[in-house]
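# Structure assessment
Listed here are the chains, written in short residue letters.
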Amino acid sequence: MKPAPFDYARPRDLDAALTLLGNNASAKVMAGGQSLGPMLNLRLAQPEQIVDITAIDELKLAEISGDELVLGACITHADIEDGRVPDVTGGAMRGVAANIAYRAVRNRGTLGGSLSHADPAADWVSVLTALDARVALRSTSGVRQVALGDFIVGALQSCLKSGELVTAVHVPKRAATAQWGYIKTCRKTGEFAHGQCAVLIDPTTASARIVIGALDAAPVVVAEPAELFGGRIDANYKTTFDVRVADRLLGDAGIVDAAQRHIHVTVMQRALREAA
Ligand SMILES: Cc1cc2nc3c(=O)[nH]c(=O)nc-3n(C[C@H](O)[C@H](O)[C@H](O)COP(=O)(O)OP(=O)(O)OC[C@H]3O[C@@H](n4cnc5c(N)ncnc54)[C@H](O)[C@@H]3O)c2cc1C
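Residues numbered from 1 in each chain as written. Predicted model: local features only at pLDDT ≥ 70, side-chain atom pairs only at ≥ 80, totals over all residues. Heavy atoms only, no water.

## Some points on the site of the ligand
The test is simple: Near residues are defined by distance, with any heavy atom within 4 Å of the molecule or strand qualifying the residue. Residues adjacent in sequence count toward polar contacts only when both atoms are side-chain atoms; beyond that, a polar contact is any pair of N or O atoms within 3.5 Å, and within protein one must be able to donate a hydrogen and the other to accept it. A 1.4 Å probe and the Shrake-Rupley method give the accessible areas. Residues count as covered only by the protein chains that appear here. In the cavity and pocket records, a cavity denotes points on a 1 Å grid over the protein atoms alone where a 1.4 Å probe fits but cannot get out, a pocket denotes an open set with protein on both sides within 12 Å along at least 5 of 7 lines, and lining residues are residues with an atom within 4 Å of a point. For a molecule to be placed in a cavity or pocket, more than half of its atoms must lie within 2 Å of the grid points of that cavity or pocket. Labels follow the DSSP assignment, with helices taken as runs of H or I lasting at least four residues and strands as runs of E lasting at least two, numbered in each case from the N terminus. Gly is placed with the polar residues, together with every amino acid not listed as nonpolar (Ala, Val, Leu, Ile, Met, Phe, Trp, Tyr, Cys and Pro) or charged (Asp, Glu, Lys and Arg).
The immediate surroundings of the ligand are formed by 32 residues, with V29, S35, L36, T110 and D123 found nearest. T110 places a side-chain nitrogen or oxygen 2.6 Å from an oxygen atom of the ligand. If the ligand stood free it would expose 960 Å²; the protein chains cover 91% of that surface. When atom positions are compared with the pocket grids, the ligand is found to occupy the largest pocket. Those elements giving two or more residues to the shell around the ligand turn out to be strand 2 (27-30), helix 6 (111-117) and strand 10 (165-172). Per-element tally for the shell around the ligand: the top contributor is helix 6, with five residues. In the shell around the ligand, the residues fall into 15 nonpolar, 13 polar and four charged.

## What to know about the layout of surface pockets
The line we're drawing: Grid points are joined across faces, edges and corners, and a volume is the space filled by probe spheres set on the points.
In this structure, the largest pocket spans a volume of roughly 1,200 Å³. Considering the residues around the largest pocket, the lining is formed by 48 residues, among which S35, G113, S114, S116 and H117 are closest to the centre. Breaking the lining of the largest pocket down by element, the ones donating at least two residues are strand 2, helix 2 (36-41), helix 6, helix 7 (123-130), strand 9 (157-158) and strand 10. The element best represented in the lining of the largest pocket is helix 6, accounting for five residues. Looking at the lining of the largest pocket residue by residue, the classes come out as 23 nonpolar, 18 polar and seven charged.

## Section: the packing of aromatic side chains
Under the convention used in this document: Note on ring pairs: Phe, Tyr and Trp rings are taken, using the six-membered ring of Trp, and paired if centres are within 6.5 Å. Classes follow the plane angle, with under 30 degrees stacked, over 60 edge-to-face and the rest tilted.
All chains considered together, the criterion is met by two aromatic pairs. With centroids separated by 6.2 Å and ring planes inclined at 80°, the aromatic side chains of F229 and Y237 adopt a geometry described as edge-to-face. On the numbers, 6.2 Å between centres and 50° between planes, the contact of F229 with F241 is tilted. Separated by 12 residues along the polypeptide, F229 in the loop between strand 14 (220-221) and helix 9 (237-240) and F241 in the loop between helix 9 and helix 10 (243-252) bring together distant segments of the chain. Clustering of aromatic rings is evident, with ring pairs tying together F229, Y237 and F241.

## Focus on the pairing of strand 11 (residues 179-185)
To keep things clear, this is the line we draw: Under the scheme applied here, a residue whose accessible area is under 20% of the maximum for its type counts as buried, over 50% as exposed, and between as partly exposed, the area being computed with a 1.4 Å probe on protein chains only. A pair of strands is considered paired only if DSSP assigns at least 2 bridges between the two.
The buried count for strand 11 comes to five of seven residues, which makes it a mostly enclosed element. Pairing of strand 11 with strand 12 (residues 195-202) involves seven bridges; the strand directions are antiparallel. Looking at strand 12, one finds that Y182 is bridged to A198.

## Re the sheet that holds strand 7 (residues 142-147)
The strands making up a sheet associate through hydrogen bonds between their backbones, and the pairing can be parallel or antiparallel. To keep things clear, this is the line we draw: Helix axes are fitted to C-alpha atoms over the stretch in contact, other axes to C-alpha atoms as well, and angles between N-to-C directions run from 0 to 180 degrees. Any two residues having at least one pair of non-hydrogen atoms within 4.5 Å are treated as being in contact.
What the five strands build is an open sheet, ordered 4-5-10-6-7; its pairing is antiparallel. Each edge of the sheet is formed by a strand with only one pairing partner; in this case those strands are strand 4 (62-65) and strand 7. Along the sheet, successive strands turn relative to each other by an average axial angle of 25°, direction set aside. Two strands pair when backbone bridges link them, and strand 6 (residues 134-139) and strand 10 are joined in this way by five bridges, in the antiparallel orientation. Across the sheet, the residue bridging to R138 is L165, located in strand 10. The strands touched by helix 1 (residues 14-23) are strand 6 and strand 10; relative to strand 10, the strand with the most contacts, the crossing angle is about 125°.

## Some thoughts on helix 11 (residues 258-275)
We apply this condition: Expected helix span is given by 1.5 Å per residue-to-residue step, counting one fewer step than there are residues. The reported arc concerns the directions from the helix axis to the C-beta atoms and nothing else.
Along its 18 residues, helix 11 runs 26 Å from first to last C-alpha, staying within 8% of the 26 Å computed at 1.5 Å per residue. Within helix 11 the residues assigned to the buried category are R261, H264, V265, V267, M268, A271, L272 and A275. Seen from one end, helix 11 has its buried residues packed into an arc of 160°, which puts them on one side.

Put into structure tokens, the structure is as follows:
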């Protein structure tokens, strides 16, 4: 199939883009087009107007500001993979980017597009939640910042309001003592994952952010991670990890199928091993 007819605009500055979006509730943002393109072709999306944001230089900026990295929404997966932007995650983001889909998708797919699309199996959705990132959102009525854990509210659902754009992603600097692990499991290379776990764990501060993704919902951030390790996060976390507690936690998160829980627990165990 081919898309329904639409108007196309490619503004060069952010204000112009926001005005277009603010004036037309049926306008749709296009960044890399890697998800929106198929949705248009299948007529799952039939906007009156496409606002292509890839000519807006401000959305391609990347800079370290204090203790965080600010990445413009139109930074591509390939920009991160190739090291064209600074890194504050000790290489964690670069490793993730290199394993998203295949190179043609990575050349065009953007951070902002991936997060706004909110596919539960998208890599950045889980990874940036584990890294405790925030998104900056802008519309003609103002600016706000939202923690990624609050931004993604369900499968393919974000808290973006009509006329609002993701302009940047703020990624906190990873502590020198924090260890990182990320595992996804796919049936075929380059496909979306059916199990994902991102782990940022710091035995020196006994803290951890553990995120389970590729569910039929928003990623699960483990609320009390110490429970997974017998009540204490220390340097032995790889061996104290309790698969029964992890299985119960996934059951509580609504995963009723034991085989699915087994996949997610195994992926979690492998992510912890990688971190260690
Ligand atoms: C074959 C294939 C395999 C893939 N495999 C993977 C994979 O393994 N892992 C993975 O994580 N991803 C995968 N993807 C998705 C891809 O990586 C892109 O990140 C994703 O398609 C969205 O990014 P985009 O820039 O192309 O957004 P678009 O397709 O342009 O837009 C997607 C949605 O986000 C909205 N949007 C875009 N930018 C913004 C913004 N700044 N503010 C507000 N709304 C915005 C659009 O209106 C649209 O609703 C795959 C895609 C394809 C085609």
